[in-house]
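# Architecture and fold: a report
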Amino acid sequence: MPAPLKYNAQYHDAWAWSLAIKGATDKEVAAAFGVTQRTINRWKKDYPSFLEALQAGKDAADAQIELSLYKRARGYDYDETEKIIEVNKDGSSKLARIRTVSKHVPSDTLAMMYWLNNRRRNEWSQRQDINVTGEIRGVDMSDLTDDELRALAHSEMQKDDSG
């Protein structure tokens, strides 16, 4: 097994930032460096500049994704450039004109729901809390064995399926 890499602030900080801004996890950063995730965690603890570089990359990447999600939820307009190419009789081609077309991406309901479920959890959460209280009366089953309880449950499930 090769000897573990020694930490080099100029080298590892910049590389960690560049990996993190591309969405790499700590595990993936460790793999790229050829070290264990434990080493990455130790470097984050021992070298503040490494932690800051890694976190700055992650924060920048997250901010870009958040902006994209926000735009997708709201909808947005953009311009697309189309190049019109003409083919001559001899088979050669030339650029005839460039046209800019304005396009619209409509708001996305799923992106809205995701945003609101995370940002307005109290008002928009999809989570449902169901509490059941009370007691079961009737047959005393405390003397039944586990096998007898399983057989009883199985027979009840078959009744539900057939009825």
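Conventions used here
Residues numbered from 1 in each chain as written. Predicted model: local features only at pLDDT ≥ 70, side-chain atom pairs only at ≥ 80, totals over all residues. Heavy atoms only, no water. Axes fitted to C-alpha atoms, helices over the stretch in contact; angles between N-to-C directions. Helix = DSSP H or I, 4+ residues; strand = E, 2+ residues; numbered from the N terminus. Parallel < 35°, antiparallel > 145°, perpendicular 65-115°, else oblique. Contact = heavy atoms within 4.5 Å. Nonpolar A, V, L, I, M, F, W, Y, C, P; charged D, E, K, R; others polar. Phe/Tyr/Trp six-rings, centres within 6.5 Å; stacked < 30°, edge-to-face > 60°. Buried < 20%, exposed > 50% of the residue type's maximum accessible area, 1.4 Å probe, protein only.

Before going further, it helps to spend a moment on the packing of helix α3 (residues 37–46) against helix α4 (residues 48–74). Two elements in contact, α3 and α4, have axes whose closest approach is 5 Å; the angle formed by their N-to-C orientations is 110°. Judged by the inter-axis angle, α3 sits roughly perpendicular to α4. Across the interface between the two elements, Ile40, Trp43, Lys44 and Asp46 from α3 touch Pro48, Phe50, Leu51 and Leu54 from α4. Among the residues forming the contact of α3 with α4, the class breakdown is six nonpolar, no polar and two charged.

Now for the packing of aromatic side chains. Scanning the model with the defined rule gives 10 aromatic pairs in all. Ring geometry for Tyr11 versus Trp15: centroids 5.5 Å apart, planes at 65°, classification edge-to-face. Residue Tyr11 and its partner Trp15 are located together in helix α1 (residues 9–21), separated by four residues, close to a single helical turn. The exposure class assigned to Tyr11 is partly exposed, which follows from its relative accessible area of 44%. For the ring pair Phe33 and Phe50, a centre distance of 6.4 Å and an interplane angle of 50° mean the geometry is tilted. Here Phe33, found in helix α2 (residues 26–33), pairs with Phe50, found in helix α4; they are 17 residues apart in sequence, far enough to count as distant. Residues Phe33 and Phe50 agree in their burial class; the two are buried. Put simply, the rings of Tyr7, Tyr11, Trp15, Phe33, Trp43, Tyr47 and Phe50 touch in pairs and so form one group of aromatic residues.

Structural measurements only, silent on function.
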